[in-house]
Amino acid sequence: MACKRSGVQFPHPPLHFRNKRQFHLMWNLAFCVGSGLFSMSRLSLLISTAQTDKTFEKKGVLWVGKCLICNGPVAFDGMTGEGATLEHIRATSRGGTNAPDNLGIVHAACNSEKGRRWDSKRKKSEAEYERFVELLIQKRQKRWPGLV
Ligand SMILES: [Zn+2]
């Protein structure tokens, strides 16, 4: 049996679902949650990053500030997160975490440029990568409210 919309294969309904329709609803819900469609975590990380970046201020529904990579103006919608991208200073593929001091708000283009030029392990040596990450970390620290 396959989901008509997504084509994903799934097993027969387990007994505790009243009927196939109920199982189907639950399956689709789980699929959407799993695929990040209903995930609030990206938005809440964007907001907590903006709150700890002095260049950002809330203007109506928008958060307006400066891209961590190019310093150009960038803004995102505080309800949907649309308009900017969350950047891992140290890429998750290089062991970076979701801690706010490892996150910056950047243009989508800057994010993909960094991913292409720096995060790929084939392109840069560890030492080069560490120097680059250190620069961005320092920049992020300078924007932290209450710090120099
Ligand atoms: Zn940028």
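Below: a short report on this structure. The shown structure was predicted, so the numbers you read here are calculated from the model rather than taken from an experiment. (Residues numbered from 1 in each chain as written. Predicted model: local features only at pLDDT ≥ 70, side-chain atom pairs only at ≥ 80, totals over all residues.)

## Things to note about the overall build of the chain
When its secondary structure is counted, the chain shows 4 helices and 5 strands. Sequence-ordered secondary structure for the chain, helices as α and strands as β, is α-α-β-β-β-β-β-α-α. Evaluated residue by residue, the chain yields a buried proportion of 18% over its 148 residues. Taking all contacts inside the chain whose residues are at least 6 apart in sequence as the whole, residues at least 24 apart take part in 46%. (Helix = DSSP H or I, 4+ residues; strand = E, 2+ residues; numbered from the N terminus. Buried ≥ 20, exposed ≤ 12 C-beta atoms within 10 Å, placed from the backbone. Contact = placed C-beta atoms within 7 Å.)

## Looking at unusual backbone geometry
Phi is mostly negative for residues that are not glycine, and the peptide bonds are mostly trans. Positive phi is not limited to glycine here, since Asn71 has a value of about 70°. The topology assignment puts Asn71 in the loop between β2 (62-66) and β3 (73-77).

## With respect to the pairing of β2
Residues Trp63 and Gly65 point to one face of β2 and are all buried, whereas Leu62, Val64 and Lys66, pointing to the other face, are not buried. Between the antiparallel neighbours strand β1 (residues 57-59) and β2 lie 2 residues, among them Gly60 with a positive phi of about 65°. Pairing analysis gives 5 bridges linking β2 to β3, with the strands arranged antiparallel. Each residue of the ladder has a partner; that of Trp63, found in β3, is Phe76. (Pairing = 2+ DSSP bridges.)

## Remarks on the pairing of β3
Side chains Val74 and Phe76 of β3 all project onto a buried face; the interleaved residues Pro73, Ala75 and Asp77 project onto a face where none is buried. Linking β2 to β3, which pair antiparallel, is a turn of 6 residues; within it Asn71 sits at a positive phi near 70°.

## Some thoughts on helix α2 (residues 41-51)
Where α2 is concerned, the buried positions are Leu46, Thr49 and Ala50. For α2, the angular spread of the buried residues around the axis is 100°, confining them to a single face. Exposed and facing more than 90 degrees away from the buried side of α2 are Ser41, Ser44 and Gln51. (Arc of directions from axis to C-beta.)

## Notes on the nonpolar core
Core analysis: the biggest nonpolar cluster contains 13 residues, and Cys67, Ala84, Ile105 and Val106 have the highest contact counts within it. Sorting the residues of this core by element identifies α2, β3 and β5 (103-106) as the ones contributing at least two each. The residues touching Ala84, leaving out its near neighbours within four places in the chain, are Leu46, Val74, Ala75, Phe76, Ile105, Val106 and His107. (Core = buried A, V, L, I, M, F, W, Y, C linked by C-beta atoms within 7 Å.)

## Brief notes about the sheet that holds β1
Sheets are built from strands paired through backbone hydrogen bonds, the pairs being either parallel or antiparallel. An order of β1-β2-β3 is seen for the 3 strands of this open sheet, with the pairing classed as antiparallel. With one partner strand each, in any of the chains shown, β1 and β3 form the two edges of the open sheet. For this sheet, the mean angle separating the axes of adjacent strands, direction not counted, is 30°. Judged from the 3 bridges that link them, β1 and β2 form a sheet pairing that is antiparallel. Following the sheet pairing, Lys59 is matched in β2 by Leu62. (Axes fitted to C-alpha atoms, helices over the stretch in contact; angles between N-to-C directions.)

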